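Spelled out, the chains give:
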Amino acid sequence: MRIMLFTTPTCQYCGPAKELLADTEGVEIINAMENQELAAMYGIRSVPCLIVEKCSGTKSFIGLDQIAKFVDENGHSSGGCGCSCGH
């Protein structure tokens, strides 16, 4: 499983999003301005945006409310992808 938080330096909500995910294992913080190709690949149009990529597919969580919901539902660990692939 891969967990990526897309942010920008001028985003007022990106700092709080990072704090929400501080205890979540394996979160990559990605500056969307410096990684425009990657942001475009995932269809990032606003930040903060959390991308959770699993073998079963990719989900996006946009904004603090959705990111907080992800943390509440998944605890503070990445927990693997939920399949038998070993990730």
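See the structure above.
Presented here is an overview of the structure given in this document. Just so we're clear, the structure is a prediction, and the values are computed from it rather than from any experiment.

**Comments concerning the environment of Thr-7**
Part 1 of the argument: On the secondary structure map, Thr-7 appears in strand E1 (residues 2–7).
Part 2 of the argument: What makes Thr-7 buried here is its relative accessible area of 5%.
Part 3 of the argument: Separated by 37 residues in the primary sequence, Thr-7 and Ile-44 have C-alpha atoms spaced 9.9 Å apart.
Part 4 of the argument: Every residue in contact with Thr-7, bar those within four places of it in the chain, is listed here: Cys-14, Lys-18, Ile-29, Ile-30, Asn-31, Ala-32, Met-33 and Val-47.

**Looking at the packing of aromatic side chains**
Part 1 of the argument: Evaluated as defined, the whole model comprises 2 aromatic pairs.
Part 2 of the argument: Arranged with centres 6.2 Å apart and planes meeting at 50°, the rings of Phe-6 and Tyr-42 form a pair that is tilted. Pair noted here: Phe-6 is in strand E1 and Tyr-42 is in the loop between helix H2 (36–41) and strand E3 (49–54), with a separation of 36 residues, a long-range link. We note that Phe-6, like Tyr-42, is buried.
Part 3 of the argument: The interplanar angle of 50° and the centroid separation of 5.1 Å between the aromatic rings of Phe-61 and Phe-70 together place this pair among those described as tilted. Phe-70 matches Phe-61 in its accessibility class, with the two residues each being buried.

How each quantity is defined
- Each chain has its residues counted from 1, running along the sequence as written.
- Reporting in this predicted model follows two pLDDT cut-offs: at least 70 for local features of residues, and 80 or more for side-chain atom pairs to be given and counted; totals over whole chains, interfaces and linings ignore these cut-offs and use all residues.
- Hydrogen atoms and water are omitted, and side-chain values are computed over all heavy atoms in the structure.
- Secondary structure elements follow DSSP: runs of H or I no shorter than four residues count as helices, runs of E no shorter than two count as strands, and numbering proceeds from the N terminus.
- Each residue's exposure class comes from its accessible area (1.4 Å probe, protein chains only) as a fraction of the maximum for that residue type: buried when under 20%, exposed when over 50%, partly exposed otherwise.
- Pairs of residues are marked as contacts when any of their non-hydrogen atoms sit within 4.5 Å.
- The aromatic pairing rule takes the rings of Phe, Tyr and Trp, using the six-membered ring of Trp, and pairs them if the centres are within 6.5 Å, calling planes under 30 degrees apart stacked, those over 60 edge-to-face and the rest tilted.

This is a description of form; function is not addressed.
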